[in-house]
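# Residue-level structural notes
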Amino acid sequence: MPRKAAAPVVDTRTDLVERLGEFSHFKNVDRATLMSVLEDVFRSMIRKKYNTDENFNIIVNTDKGDLQIFRNREVVEDDCAEFDASIHIRHSDVIKIEPDFEVVVQTGLKGVALRDALRDFDGAICRSGVKISAESLAGNTRLQAIVRAGVGTDKLDKAAATRQGVIVMTTPAGNTVSTAEHTFALLLGLARNLAPAHASLLSGKWDRKNFEGGEVRGKNLGIIGLGRIGLRVAHLAKAFEMKVWGLDPFLPRERAQELEIQLADNLDELLSKIDFLTVHTPLSNETNKLIGREQIAKMKRGVRLVNCARGGIYDEAALLEGLQTGQLGGVALDVYESEPNTTSPLF
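So, here is what we can say about the structure in this document. This one's a predicted model, so the numbers in the text were calculated from it and none came from an experiment.

## Looking at the sheet that holds strand E5 (residues 167–170)
Taken in spatial order, the 3 strands line up as E3-E4-E5 in an open sheet, and their pairing is parallel. Two strands in the sheet have a free side with no partner beyond their single neighbour: strand E3 (123–126) and E5. On average, adjacent strands in this sheet sit at an angle of 15 degrees to one another, irrespective of strand direction. Here strand E4 (residues 145–148) runs beside E5; their pairing, made up of 4 bridges, is parallel.

## A closer look at the packing of aromatic side chains
Scanning the entire structure with this criterion turns up 2 aromatic pairs. Ring geometry for Phe184 against Phe240: centres 4.9 Å apart, planes inclined by 40 degrees, an arrangement best described as tilted. Of this pair, Phe184 sits in helix H6 (residues 176–191) while Phe240 sits in the loop between helix H8 (228–239) and strand E7 (243–247), and the two are 56 residues apart along the sequence. Given the relative accessible area of 4%, Phe184 is considered buried. Classification of Phe240 as partly exposed rests on a relative accessible area of 37%. A ring pair is formed by Tyr336 and Phe347, whose centres lie 5.5 Å apart and whose planes are at 85 degrees; its orientation type is edge-to-face. Here the residue Tyr336 occupies a position in the segment after strand E11 (328–333), and Phe347 occupies one in the segment after E11, the gap between them amounting to 11 residues.

## Thoughts on the pattern of salt bridges
Close approach of charged atoms allows side chains with opposite charge to pair. Inspection of the entire model under this criterion finds 13 salt bridges. Of the charged contacts in the structure, one is a salt bridge between Glu215 and Arg217, with a shortest N-O distance of 3.9 Å. In the salt-bridge network here, residues are joined through shared partners; they are Arg115, Asp116 and Arg119.

What counts as what
- Residues numbered from 1 in each chain as written.
- Predicted model: local features only at pLDDT ≥ 70, side-chain atom pairs only at ≥ 80, totals over all residues.
- Heavy atoms only, no water.
- Pairing = 2+ DSSP bridges.
- Helix = DSSP H or I, 4+ residues; strand = E, 2+ residues; numbered from the N terminus.
- Axes fitted to C-alpha atoms, helices over the stretch in contact; angles between N-to-C directions.
- Phe/Tyr/Trp six-rings, centres within 6.5 Å; stacked < 30°, edge-to-face > 60°.
- Buried < 20%, exposed > 50% of the residue type's maximum accessible area, 1.4 Å probe, protein only.
- Salt bridge = Lys/Arg side-chain N within 4 Å of Asp/Glu carboxyl O.

In structure tokens:
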């Protein structure tokens, strides 16, 4: 394949991340997530520009801000050497932004307002609070890519996007560490009764004896979903000398053994073994209300549950019942069936 005469002129991800970071909406989005999102955006733009379905690889040197995009050959030096059928974009070559390259932040869009806004752009980056349906994409002839700044795509109508030639992408590694650490922070908070102890202190009480908590060392942690985040949680649990039980049909037993994870044969076996449970799966027909009244009854009395994945994987009515009866020793949720949520009976 002959080499293209000219490479596309685009801003580097490093410069663009800095620009995005100036917007208040992105203040709490970590830099790694933004970089990952923009990598997917650039890949989509270049594939469209060169009218090819080939996968482009992108390498970014975050220290220097260099962006290299190439295909068919590996980049062995960072000196922009010539390669057949390759494209290189260097930070020093593309610090200028095309006049028509524009970043616009719009928040709180729904219904007709969201549909009309999407018609005005070539690409859209969204967080978990945005729902893009077939109606949102109706009549859109301009949009080329939707990038989810995170992992889950349950709020994006992928089938409708595919029918209209819109690429849907995620940033699967962007929030791995932060989500795993947050999961374990909630787990430790449950073990040490931090939330009720704090509330008691704020109410003017000093009831230390009622909030002793317990160690996690030697306890059994169940993880449903052993992808990037689930495995990272398992890694943290091993550091705390917990025994890790897992359930995931895609993780080979040989790999689980290498990671010192005990794979359960089924959900019932997992539930019967654990002192803590965390879930790290997408929300789907198979995982919707995966843990309900029947499953909670099969667990040890006093088990503690964490969910930093998707609201709806736990049946919230069953959680409330379990807390009231003492079957559950505690629940820590970062996500809910309906969001935003300020009136849950669980509060």
